[in-house]
Amino acid sequence: MDLKYIIGLKCEIAELVEQYEMFLFRVYENAKAICEELTIHPEIQEEGLLIAATDETIALGKELNVATIAYAKQEFSNQSYSGVDMIVEGFEEVDADFLEKMYQRYHRIPWTILETDRCVVRELSLGDLDNLFELYAGDGIDAYTEPLYPYEEEKEFQRAYIENMYRYFGYGMWLVFEKESGELIGRAGLEHREYNEVVELELGYLIGKKYQGKGYATEVCKAIIEYAKENACFERINTLIQDENKVSIALSKKLGFEQKESYEMDGKIMHRFIREFT
């Protein structure tokens, strides 16, 4: 389902009411009133987002299984705000997309990260595993890519990845779908890698052989670089490419990366390319 309601106490939600007319707002005098209303209208539990400034109201949201954002008001500075996905201190930079994404995160709905002319890039969900294994079974896909774990092990790995990488950083390796067919055609995204004892941002991508040579990698990687520039707290982005992978080396240069260094890794010659965010 999609977010339809924003609910909260009058003192907590007043700043939002005039900003987001697209949502139906429900405001209440106290937590008890919220509880009574949700009991009468259970659809709000499924389709609502609770804005709570106190631990008492947060606990109510958890009890009723409602997506909840903590509003850290100064007069409630002694609150712990445990068990929430996000804490906000004001609503100046909070928009409808932010609220929708907090709702989706709570209900384990994968985020759509970006769209290009031909592709949709979104987070992986456990329901995508069969298609992911089919993608990795394609010809030549494992030439420069680490293979997946056995199915059940991969499932547990991805479960942890969703909870820890997506939920904590807001980015990671995503799935790439062709808009026209809806088919999974690849993976691309942002990872962390340590270079010279410093954690840096790294771009990775994989396109199924059926879709190679059609400009999808260029299209998607350009969009991801712009996304990283705006949303990740790094001053530059890296790629690490095996010496024999001439296609990816050419693509990195096309995307504005410059080669910095080369070294041996697991018996392979790897080239590091960097693009500064300006």
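Scroll up to find the structure this text is about.
What counts as what
- Residues numbered from 1 in each chain as written.
- Predicted model: local features only at pLDDT ≥ 70, side-chain atom pairs only at ≥ 80, totals over all residues.
- Heavy atoms only, no water.
- Core = buried A, V, L, I, M, F, W, Y, C linked by side-chain atoms within 4.5 Å.
- Buried < 20%, exposed > 50% of the residue type's maximum accessible area, 1.4 Å probe, protein only.
- Helix = DSSP H or I, 4+ residues; strand = E, 2+ residues; numbered from the N terminus.
- Contact = heavy atoms within 4.5 Å.
- Polar contact = N/O pair within 3.5 Å; in protein donor to acceptor, adjacent residues only side chain to side chain.
- Disulfide = S-S within 2.5 Å.
- Pairing = 2+ DSSP bridges.
- Axes fitted to C-alpha atoms, helices over the stretch in contact; angles between N-to-C directions.
- Phe/Tyr/Trp six-rings, centres within 6.5 Å; stacked < 30°, edge-to-face > 60°.
- Lys NZ or Arg CZ within 6 Å of the ring centre and 35° of its normal.

Draft legend 1. Seen up close, the nonpolar core. Among the nonpolar cores identified, the biggest contains 67 residues, and Leu99, Leu132, Trp174, Leu190, Leu203, Ile224 and Ile237 are the most heavily contacted of them. A total of 8 residues in this core trace back to one element, the largest contributor, which is helix H8 (residues 216–231). Among residues more than four places away in sequence, those in contact with tryptophan 174 are Ile113, Val121, Arg122, Glu123, Tyr166, Gly186, Arg187, Ala188, Gly189, Leu190, Ile224 and Tyr227. Counting 17 residues, the second-largest nonpolar core is a separate cluster that includes Tyr5, Ala31, Leu60 and Ala70.

Draft legend 2. Region of the structure containing the side chain of arginine 105. Following the sequence through the fold, arginine 105 ends up in helix H5 (residues 96–106). Polar contacts involving the side chain of arginine 105 include one to the side chain of glutamate 123, which spans 2.9 Å. Setting aside chain neighbours within four positions, we find arginine 105 in contact with Asp85, Trp111, Glu123, Tyr166 and Arg167.

Draft legend 3. Representation of the state of the cysteines in the model. On inspection of all chains with the given rule, the structure shows 0 disulfides. Cysteine 221 supplies the cysteine sulfur nearest to cysteine 119, a cysteine that is in no disulfide, at a spacing of 10 Å. The exposure class of cysteine 119 is buried, given its relative accessible area of 0%.

Draft legend 4. Main features of the sheet that holds strand S1 (residues 5–9). Read across the sheet, 5 strands follow the order S2-S1-S3-S4-S5 without closing on themselves; strand pairing throughout is parallel. For this open sheet the edge positions go to strand S2 (24–28) and strand S5 (87–88), each flanked by a neighbour on one side alone. One ladder, built from 4 bridges, connects S1 with strand S3 (residues 48–52); its direction is parallel. Bridge pairing in S3 places isoleucine 6 opposite leucine 49. Against the sheet, helix H4 (residues 55–63) makes contact with S1, S3 and strand S4 (67–71), and its axis sits at roughly 160 degrees relative to S3, the strand it touches most. Lying over the sheet, H5 contacts S1, S3, S4 and S5, oriented at roughly 125 degrees with respect to S4.

Draft legend 5. Here's a closer look at the packing of aromatic side chains. With the rule as written, the count across this model stands at 9 aromatic pairs. With centroids separated by 6.0 Å and ring planes inclined at 35 degrees, the aromatic side chains of phenylalanine 157 and tyrosine 161 adopt a geometry described as tilted. Of the two residues, phenylalanine 157 and tyrosine 161 are both situated in helix H7 (residues 151–169); the distance of 4 residues between them amounts to about one turn of the helix. Residue class for phenylalanine 157 comes out partly exposed when judged on its relative accessible area of 37%. Judged by relative accessible area, which is 11%, tyrosine 161 ranks as buried. Put simply, the rings of Tyr149, Phe157, Tyr161 and Tyr166 pair up and form one aromatic cluster. Above the ring of tyrosine 195, the side-chain terminus of arginine 272 is found at 4.0 Å from the ring centroid.

Draft legend 6. Focus on the sheet that holds strand S9 (residues 184–195). The mixed open sheet is built from 8 strands, whose spatial order is S6-S7-S8-S9-S10-S11-S13-S12. The sheet is open, and its two edges are formed by strand S6 (112–115) and strand S12 (258–265), each paired on a single side. Direction aside, the axes of adjacent strands within the sheet are offset by 25 degrees on average. Note that S9 and strand S10 (residues 198–207) share 10 bridges and pair antiparallel. Among the inter-strand pairings, glutamate 194 is bridged to a residue of S10, identified as valine 199. Packing against the sheet, helix H6 (residues 129–136) makes contact with strand S8 (173–178), S9 and S10, and its axis sits at approximately 85 degrees to S9.

Draft legend 7. Summary view of the environment of arginine 118. Of note, arginine 118 is situated in the loop between S6 and strand S7 (119–122). A residue is classified by how much of its surface remains accessible, and arginine 118, at 30% relative accessible area, is partly exposed. Through-space distance from the C-alpha of arginine 118 to that of glutamate 180 is 7.2 Å; in sequence the pair is 62 residues apart. With residues near it in sequence (within four places) discarded, arginine 118 still touches Phe177, Glu178, Lys179, Lys214, Gly215, Tyr216 and Glu219. Within the local environment of arginine 118, its side chain forms a polar contact with the backbone oxygen of glycine 215, the two atoms lying 3.4 Å apart.

Draft legend 8. Highlighting the side chain of glutamine 242. For glutamine 242, the location among the structural elements is in strand S11 (residues 236–242). Judged by relative accessible area, glutamine 242 falls into the buried class, the value being 14%. Looking at glutamine 242, its side chain comes within polar contact range of the side chain of glutamate 244, at 3.1 Å.

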